[in-house]
Amino acid sequence: MRHVDFSPLYRSTVGFDRLFTMLDSLAQPEGAQTYPPYNIERTGEDSYRISMAVAGFSDDELSIEAHRNVLTVKGERKEGNGEGAELLYRGIASRAFERRFQLADHVDVVGASLKNGLLFVDLKRNIPEELKPRKIAITASSAKAKQIEAKTTA
């Protein structure tokens, strides 16, 4: 994989340090973390949904935490299958996992639900009014410009 050097961009931009750090961290391998598989989808103009395949996990074995723009989803299976049977083949993954998602500023977790082995985490972007773009009115200057006369002393 190629490494992209963002240092020239650091010199020519102001306030984008966090963006370049996030891009740089995306290029770093995380140990090929592929479990559990997930989708991120846009469900509206300011709403998003993360869908994770967590088959075999119950809602009390999953935990979701949002702290400082990081969403952490953890799953830890309790030992034993409760039936007292001997397991001959394990095809359903039961390993513990921890998946972290970097959230953008002003993105809040609205709720989470577990249905048919899929964990849905709903997100909403709430931009404060003072950060939203506002229209600036342009006033027209009067047609008669005031003329400044200089006095000369003789």
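Calculation notes
- Residues numbered from 1 in each chain as written.
- Predicted model: local features only at pLDDT ≥ 70, side-chain atom pairs only at ≥ 80, totals over all residues.
- Heavy atoms only, no water.
- Helix = DSSP H or I, 4+ residues; strand = E, 2+ residues; numbered from the N terminus.
- Buried < 20%, exposed > 50% of the residue type's maximum accessible area, 1.4 Å probe, protein only.
- Contact = heavy atoms within 4.5 Å.
- Areas by Shrake-Rupley, 256 points an atom, 1.4 Å probe, with all protein chains shown as cover.
- Pairing = 2+ DSSP bridges.
- Axes fitted to C-alpha atoms, helices over the stretch in contact; angles between N-to-C directions.
- Polar contact = N/O pair within 3.5 Å; in protein donor to acceptor, adjacent residues only side chain to side chain.
- Salt bridge = Lys/Arg side-chain N within 4 Å of Asp/Glu carboxyl O.

Asker: Give a detailed account of the overall build of the protein, specifying residues and quantitative values.
Answerer: Tallying secondary structure elements over the protein gives 2 helices and 7 strands in all. Scored against the burial criterion, the 154 residues of the protein give a buried share of 16%. Considering only contacts within the protein whose residues lie at least 6 apart along the sequence, 53% involve residues at least 24 apart. Accessible surface computed for the protein: about 13,100 Å², of which carbon and sulfur atoms make up 52%.

Asker: Pulling in residues and values, what's your account of the environment of Lys 124?
Answerer: Positionally, Lys 124 belongs in strand β7 (residues 118-125). A relative accessible area of 36% means that Lys 124 is categorised as partly exposed. It is 4.4 Å that separates the C-alpha atoms of Lys 124 and Ser 47, two residues lying 77 residues apart in sequence. Sequence-distant contacts of Lys 124, that is, excluding residues within four places in its chain, are made with Asp 46, Ser 47, His 106, Val 107, Asp 108 and Val 110.

Asker: Quick one: what's the story with the sheet that holds strand β5 (residues 97-102), residue by residue and with numbers?
Answerer: Spatial ordering of the open sheet is given by β3-β4-β5, a layout of 3 strands whose pairing is antiparallel. Looking at the sheet topology across the chains shown, the edges are occupied by β3 (62-67) and β5. For this sheet the average axis-to-axis angle between neighbouring strands, irrespective of direction, equals 15°. Examined bridge by bridge, strand β4 (residues 70-75) and β5 share 6 bridges and lie antiparallel to one another. Looking at the pairing, Lys 74 lines up with Glu 98 of β5.

Asker: Mind laying out the pairing of strand β6 (residues 107-115), listing which residues take part and the relevant values?
Answerer: Remember that side chains alternate between the two faces of the sheet whenever the strand is regular. With 8 bridges joining them, β6 and β7 adopt antiparallel strand pairing. Bridge assignment links Leu 114 to a residue of β7, and that residue is Leu 119. Connecting the antiparallel pair β6 and β7 is a turn made up of 2 residues, with Asn 116 showing a positive phi of about 55°.

Asker: Any chance you could break down the side chain of Arg 99 for me, citing the residues and the numbers?
Answerer: The topology assignment puts Arg 99 in strand β5. By relative accessible area, Arg 99 is classed as buried at 6%. Engagement of the side chain of Arg 99 in a polar contact is seen with the backbone oxygen of Pro 36, the distance being 3.1 Å.

Asker: A description of the pattern of salt bridges should follow, citing residues and the corresponding values.
Answerer: One pass over the structure, following the stated rule, counts 4 salt bridges. Residue Asp 46 is joined to Arg 125 by a salt bridge in which the shortest nitrogen-to-oxygen separation is 2.6 Å. Of this pair, Asp 46 sits in the loop between β1 (38-42) and β2 (47-53) while Arg 125 sits in strand β7, placing them 79 residues apart in sequence. According to the relative accessible area criterion, Asp 46 is partly exposed, its value standing at 27%. Glu 61 serves as the salt-bridge partner of Arg 77, at 4.0 Å between the closest nitrogen and oxygen. Of this pair, Arg 77 sits in the loop between β4 and β5 while Glu 61 sits in the loop between β2 and β3, and the two are 16 residues apart along the sequence. For Arg 77, a relative accessible area of 26% puts it in the partly exposed group.

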